[in-house]
Protein chains: 2
Amino acid sequence: METLQLGVLGSGNGSNLQAILDVIAACKLEAKVACVISDVADAFILERAREAGVPAFHVDCGPSKSKLEKDAEQRAISILQEHGADTVALAGFMRIIKPDLLRAFPQRVLNIHPSLLPSFPGLRAWEQALNYGVRHSGCTVHFVDEGMDTGPIILQRTVLVHDRDTPDTLHKRIQSQEHIAYIEALRLLARGRIKIEGRRVLRTND
Amino acid sequence: METLQLGVLGSGNGSNLQAILDVIAACKLEAKVACVISDVADAFILERAREAGVPAFHVDCGPSKSKLEKDAEQRAISILQEHGADTVALAGFMRIIKPDLLRAFPQRVLNIHPSLLPSFPGLRAWEQALNYGVRHSGCTVHFVDEGMDTGPIILQRTVLVHDRDTPDTLHKRIQSQEHIAYIEALRLLARGRIKIEGRRVLRTND
């Protein structure tokens, strides 16, 4: 069992960060949030971090909205390393992670995506799912690789899609499962309970 | 409430046909199997049909393994119409259905696919799912359109993927859900409980 030193990257509200902070505070996850980084200066995720006494940083990523520029990436890596992060958890981080960061934390960068991947990668996955007409959607925690939402899957949780769902109601229902899923995945990682075999992430002592 | 007159098309074992026949025999589905058609002369699905006293036909589809030739398609349409079929249920039929047949039975051709579409369309979907490393798979009943496994989804059922699964064990677990799903979808259709809105299939009186 190890205490994960988490670096959390997010661009928005940070509800997954909050779920992680709450469960750590309740001593139900062997982890510490070492630092939080956002590409958005006024993202609420930074506020949540400061509120919890966690070092919080805005990294200016320049004019592109989806790319992480080289300088910004190096700055993020430095902050993560200076704060002793051994695991990077993306929590609504809206930029594609590049190879340098992945190499700095091999098989230690996690993401959560609001669909049952490989269905509906990319933006507003809950809306894609609703428009496609699936009856089940959900969320996926996966290791990050160089593709978009393509890395090995650690776990998934499903939710029913209702006839009356709007993008917003479906998104909310998926988010409540995201919190459970992310914590469960981090717990498996902290307890050394998973191993990667090719694309499959298997449970050890299982 | 209507009694569905089903024409069932299959290429193999016909376990979904058997599930449908059994539930009709138990008076739990307002349907009758009007005829069964296979592109494979010695497919067991034809044997199952004959065993149940259902007219069974082999339609020779020529040398291609995946296409339904024009003549064969016309022959299939004729058989379906002569036997009073109003609904066509594909049950392991390994050829792509063409526009003429779809036009003869508008919004009345159903298929069942062994994955949570849109993930893993095409052949051996259970194996694709296992190799990709998803933690949940399942099956999808959908209306057939001119694409491959792309039509509006009527319902889906999920199954867990286990670490120890082989393609065969996962396939079997999905198949047992297929039988439930197909019958449920046909029951919704027989009871006029569904309406198609764009890509979404909604429940009426819901």
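Since the structure is predicted, the reported quantities are computational estimates derived from the model, not experimental observations.

A.B. asks: So what exactly am I meant to see when it comes to the overall build of chain A here?
C.D. replies: Helix and strand counts for chain A come out as six helices and nine strands. Over its C-alpha trace chain A gives a radius of gyration of 16 Å, about what one expects of a compact globule, namely 17 Å for 206 residues. The principal-axis extent of the C-alpha atoms belonging to chain A is close to 50 × 45 × 35 Å. Split into buried and exposed, the 206 residues of chain A put 56% on the buried side. For chain A, the exposed area adds up to about 9,000 Å²; of that, 51% sits on carbon and sulfur atoms.

A.B. asks: Help me understand the relation of the copies chain B and chain A in this model?
C.D. replies: Each of the two chain copies can be brought onto the other by rotation about an axis and movement along it. Least-squares fitting of chain B to chain A yields an RMSD of 0.0 Å, with the transformation described by 0.0 Å of translation along the axis and a rotation of 180°. These values place the two chain copies in the arrangement generated by a two-fold rotation axis. Relative to the rotation axis, the C-alpha of S119 of chain B is the closest in chain B, positioned 2.6 Å from it.

A.B. asks: What am I meant to see in unusual backbone geometry here?
C.D. replies: It is generally the case that most residues other than glycine have a negative phi and that most peptide bonds are trans. With an omega dihedral of 10°, the bond running from L117 of chain A to P118 of chain A counts as a cis peptide bond. Counting through the fold element by element, P118 of chain A comes out in the loop between β5 (109-113) and α5 (125-132). Of note, C27 of chain B is a non-glycine position whose phi angle comes to about 60°, a positive value. Mapped onto the elements of the fold, C27 of chain B is located in the loop between α1 (15-25) and β2 (31-38).

A.B. asks: What is the right way to read empty space enclosed by the protein from this model?
C.D. replies: Vacant regions in the atomic arrangement are exposed by a probe of water-molecule size rolled over the atoms. Under the definition given, this model contains five cavities of 30 Å³ or more. Of the voids in this model, the largest cavity is the one considered here, and its volume is about 110 Å³. Considering the residues around the largest cavity, the lining is formed by 17 residues, among which L116 and S119 of chain A together with L116, L117 and S119 of chain B are closest to the centre. Counting residues per element, the ones that place at least two in the lining of the largest cavity are β6 (136-143) of chain A together with β6 (136-143) of chain B.

A.B. asks: Please explain helix α6 (residues 167-190) of chain A as it appears in this structure.
C.D. replies: With 24 residues, α6 of chain A ought to run about 34 Å at 1.5 Å a step, and its terminal C-alpha atoms sit 34 Å apart, in line with that. G192 of chain A occupies a position one or two residues after α6 of chain A and carries a positive phi of about 60°.

A.B. asks: Would you mind showing me how to read the interface of chain B and chain A here?
C.D. replies: Often the size quoted for an interface is simply the accessible area lost on bringing the parts together. With 31 residues of chain B in contact, the opposing surface of chain A contributes 31 residues. Both sides of the chain B and chain A interface together cover about 2,500 Å² of buried area, and 46% of this is carbon and sulfur. In terms of surface lost to chain A, no three residues of chain B exceed Y132, R135 and R200 of chain B, which account for 28% of the buried area on that side. Scanning the region where chain B abuts chain A turns up zero salt bridges. Counting the contacts that link chain B with chain A gives 15 residue pairs in polar contact (both at pLDDT 80 or more). Of all the secondary-structure elements, those providing two or more residues to the side of chain B that touches chain A are α5 (125-132), β7 (153-160) and β9 (200-203) of chain B. Considering every element that reaches the side of chain B that touches chain A, the biggest residue donor is β7 of chain B, with six residues. Residue classes in the side of chain B that touches chain A are distributed as 13 nonpolar, eight polar and ten charged.

A.B. asks: Please clarify how the domain arrangement of chain A should be interpreted in this entry.
C.D. replies: Residues and elements named next belong to chain A. Split by domain assignment, chain A resolves into domain 1 (1-106) and domain 2 (113-140 + 153-206). Residue-level contacts link 16 residues of domain 1 with eleven residues of domain 2. Both faces combined, the contact of domain 1 with domain 2 buries some 1,200 Å², and carbon together with sulfur accounts for 63% of it. Three residues, L4, N16 and L29, lead the burial of domain 1 against domain 2; their summed loss comes to 31% of the area buried on that side. Here domain 1 is connected to domain 2 by one salt bridge. Between R191 and E30 there is a salt bridge; the shortest N-O distance is 2.9 Å. Applying the counting rule to domain 1 against domain 2 returns six residue pairs in polar contact (both at pLDDT 80 or more). Taken together, the elements giving at least two residues each to the side of domain 1 that touches domain 2 come down to β1 (4-10), α1 (15-25) and β4 (87-90).

A.B. asks: Teacher, can you tell me more about the pattern of salt bridges here?
C.D. replies: Two side chains that carry opposite charge are able to pair once their charged atoms sit near each other. All names here are of chain A. A full pass over the atoms with the stated rule returns 24 salt bridges over all chains. Between R103 and D100 there is a salt bridge, and its shortest N-O distance comes to 2.8 Å. Here R103 pairs with D100, and both are found in helix α4 (residues 99-104), just three residues apart, close to one helical turn. With a relative accessible area of 59%, R103 lands in the exposed category. Look at D100 and you get buried, because its relative accessible area is 17%. Where K195 meets E197, a salt bridge forms, and the shortest distance between an N and an O atom there is 3.5 Å. In this structure E197 comes out as partly exposed when scored by relative accessible area, which is 42%. It is possible to trace a salt-bridge network through shared partners that takes in K70, D100 and R103.

A.B. asks: Hey, could you run me through the environment of D145 of chain A in this one?
C.D. replies: Residues and elements named next belong to chain A. For D145, the position within the fold is in the loop between β6 and β7 (153-160). Spatially, the C-alpha atom of D145 lies 8.6 Å from that of K98, the residues being 47 residues apart in sequence. In this view, D145 contacts L102, T150 and G151; residues no more than four positions away in its chain are not counted. Within the structure, the side chain of D145 is placed 3.0 Å from the backbone nitrogen of G147, a separation counted as a polar contact. A polar atom in the side chain of D145 sits 2.6 Å from the side chain of T150.

A.B. asks: Would you mind going over the pairing of strand β8 (residues 194-197) of chain B with me for this structure?
C.D. replies: Residues in a regular strand project their side chains so that they alternate between the two faces of the sheet. All names here are of chain B. The pairing of β8 with β9 spans four bridges and is classified as antiparallel. Bridge assignment links I196 to a residue of β9, and that residue is V201. The hairpin formed by β8 and β9 contains two residues between the paired strands, and G198 there has a positive phi angle of roughly 65°.

The rules behind the values
- Residues numbered from 1 in each chain as written.
- Chains lettered and ligands numbered in written order.
- Predicted model: local features only at pLDDT ≥ 70, side-chain atom pairs only at ≥ 80, totals over all residues.
- Heavy atoms only, no water.
- Helix = DSSP H or I, 4+ residues; strand = E, 2+ residues; numbered from the N terminus.
- Rg over C-alpha atoms; globule rule 2.2 N^0.38 Å.
- Buried < 20%, exposed > 50% of the residue type's maximum accessible area, 1.4 Å probe, protein only.
- Areas by Shrake-Rupley, 256 points an atom, 1.4 Å probe, with all protein chains shown as cover.
- Least-squares fit on C-alpha atoms with pLDDT ≥ 70 in both.
- 1 Å grid on protein atoms, 1.4 Å probe; cavity = no way out; pocket = protein on both sides within 12 Å on 5 of 7 lines; lining within 4 Å.
- Points joined across faces, edges and corners; volume = space filled by probe spheres on them.
- Expected span 1.5 Å × (residues − 1).
- Contact = heavy atoms within 4.5 Å.
- Buried area = accessible area lost by both parts, 1.4 Å probe.
- Salt bridge = Lys/Arg side-chain N within 4 Å of Asp/Glu carboxyl O.
- Polar contact = N/O pair within 3.5 Å; in protein donor to acceptor, adjacent residues only side chain to side chain.
- Nonpolar A, V, L, I, M, F, W, Y, C, P; charged D, E, K, R; others polar.
- Domains from an automatic or database assignment.
- Pairing = 2+ DSSP bridges.

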